[in-house]
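Spelled out, the chains give:
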Amino acid sequence: MLQFKLVLLGDSSVGKSSIVHRFVKDSFDEYRESTIGAAFLSQTIKLSEEYDEQVLKFEIWDTAGQERYKSLAPMYYRNANAALVVYDVTEPDSLPKAKLWVDELKEKVNDDKLIICLVGNKLDLVSERESTSLVDEADAREFAQENNLLFHQVSAKTGENVIKVFQDIGERLYLQ
Ligand code: GTP
Ligand code: MG
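Residues numbered from 1 in each chain as written. Chains lettered and ligands numbered in written order. Predicted model: local features only at pLDDT ≥ 70, side-chain atom pairs only at ≥ 80, totals over all residues. Heavy atoms only, no water.

The name an unreviewed UniProt entry assigns to the protein is KLLA0D02376p, from the organism Kluyveromyces lactis.

Here it is, written out as structure tokens:
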């Protein structure tokens, strides 16, 4: 079985742990505790026929977004094959933070094969918010395109698109 190390980065409360729990346990918790340090989980997926029905195992490091843990992040992204850089579509300040993580990965990770996926989470809340209080989707998309990142918008709450993120990353990893 192919194994890949994947790290999640992004501001506190954007929903990194919630995305991982949706992917690994297919569950969601309205009152999830903020992560301390980092958490480790793993999950396998099977790619489609087009990708030879290859089974991949993701070893997932879910980092803590609170500022006080920022210095720990390099330990987790150092040998990563893939990174999910997460922002909250209802929290405009979280996109610039995500961009800083992408810059840091590009500067510090010495592996041009690192797959980075920019992920906008909490898509389920978009319909109930004024568009002026949301992250500008075009801005996020453009940044992803310019930096050669995969891009997805998801909801850990409803599960929308969560598997797609890991399938997409898995396909890229399998092909390289
Ligand atoms: P840190 O561990 O502090 O870095 O935060 P985190 O990025 O892991 O965020 P976490 O998964 O703990 O989620 C923060 C809060 O947002 C929790 O109360 C979740 O229930 C909520 N949440 C996460 N994902 C979603 C989502 O897709 N939709 C909605 N409505 N709420 C979400
Ligand atoms: Mg967390």
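What follows covers the pairing of strand S1 (residues 2-9). With respect to burial, S1 is a largely interior element, six of its eight residues being buried. Two strands pair when backbone bridges link them, and S1 and strand S3 (residues 55-63) are joined in this way by seven bridges, in the parallel orientation. Looking across to S3, one finds that Leu6 is bridged to Ile60. Sheet topology places S1 next to strand S4 (residues 82-88); four bridges connect them, and they run parallel. When the bridges of S4 are listed, Val7 appears paired with Ala83. (Buried < 20%, exposed > 50% of the residue type's maximum accessible area, 1.4 Å probe, protein only. Helix = DSSP H or I, 4+ residues; strand = E, 2+ residues; numbered from the N terminus. Pairing = 2+ DSSP bridges.)

Let's shift gears to the site of ligand 1. In the neighbourhood of ligand 1, 23 residues make up the surrounding shell, with Ser12, Ser18, Ser34, Gly65 and Asp124 lying closest. In the model, an oxygen atom of ligand 1 is placed 2.9 Å from a nitrogen or oxygen of the Ser17 side chain. A distance of 2.6 Å is found between an oxygen atom of ligand 1 and a side-chain nitrogen or oxygen belonging to Ser18. For ligand 1, the protein covers 91% of the area, taking 650 Å² as the surface of the free molecule. The element best represented in the shell around ligand 1 is helix H1 (residues 16-25), accounting for three residues. Class assignment of the residues belonging to the shell around ligand 1 gives a composition of five nonpolar, ten polar and eight charged. (Near = heavy atom within 4 Å. Polar contact = N/O pair within 3.5 Å; in protein donor to acceptor, adjacent residues only side chain to side chain. Areas by Shrake-Rupley, 256 points an atom, 1.4 Å probe, with all protein chains shown as cover. Nonpolar A, V, L, I, M, F, W, Y, C, P; charged D, E, K, R; others polar.)

Here the focus is the coordination of the magnesium ion (ligand 2). Coordination sphere of the magnesium ion (ligand 2), protein contribution only: Ser17 (OG) and Thr35 (OG1), at 2.0 to 2.1 Å. Residue Ser17 is located in helix H1, and its partner Thr35 is located in the loop between H1 and strand S2 (38-46); the two are separated by 18 residues in the primary sequence. The buried category is assigned to Thr35, whose relative accessible area is 14%. (Donors = N, O, S within 2.8 Å, 3.2 Å for Na, K, Ca; no water.)

Attention now moves to the pairing of S4. S4 sits mainly inside the fold: seven of its seven residues count as buried. The alternating pattern of S4 places Ala82, Leu84, Val86 and Asp88 and Ala83, Val85 and Tyr87 on opposite faces, both of which are buried. As defined by bridge partners, S4 adjoins strand S5 (residues 115-121) across seven bridges and the pair is classed as parallel. Bridge pairing in S5 links Tyr87 to Gly120. For the crossover from S4 across helix H3 (residues 94-108) to S5, the handedness is right-handed. (Right-handed = clockwise from strand over helix to strand, strands pointing away.)

Bringing unusual backbone geometry into the picture now. Notably, Ser13 is not glycine yet its phi reads approximately 75°, a positive angle. Assignment of secondary structure puts Ser13 in the loop between S1 and H1. With a phi angle near 75°, Lys122 is a residue other than glycine that sits in the positive phi range. You can see Lys122 is positioned in the loop between S5 and helix H4 (137-146).

Within the secondary structure layout, His21 lies in helix H1. Residue class for His21 comes out buried when judged on its relative accessible area of 15%. In this view, His21 contacts Asp26, Ser27, Arg32 and Leu41; residues no more than four positions away in its chain are not counted. (Contact = heavy atoms within 4.5 Å.)

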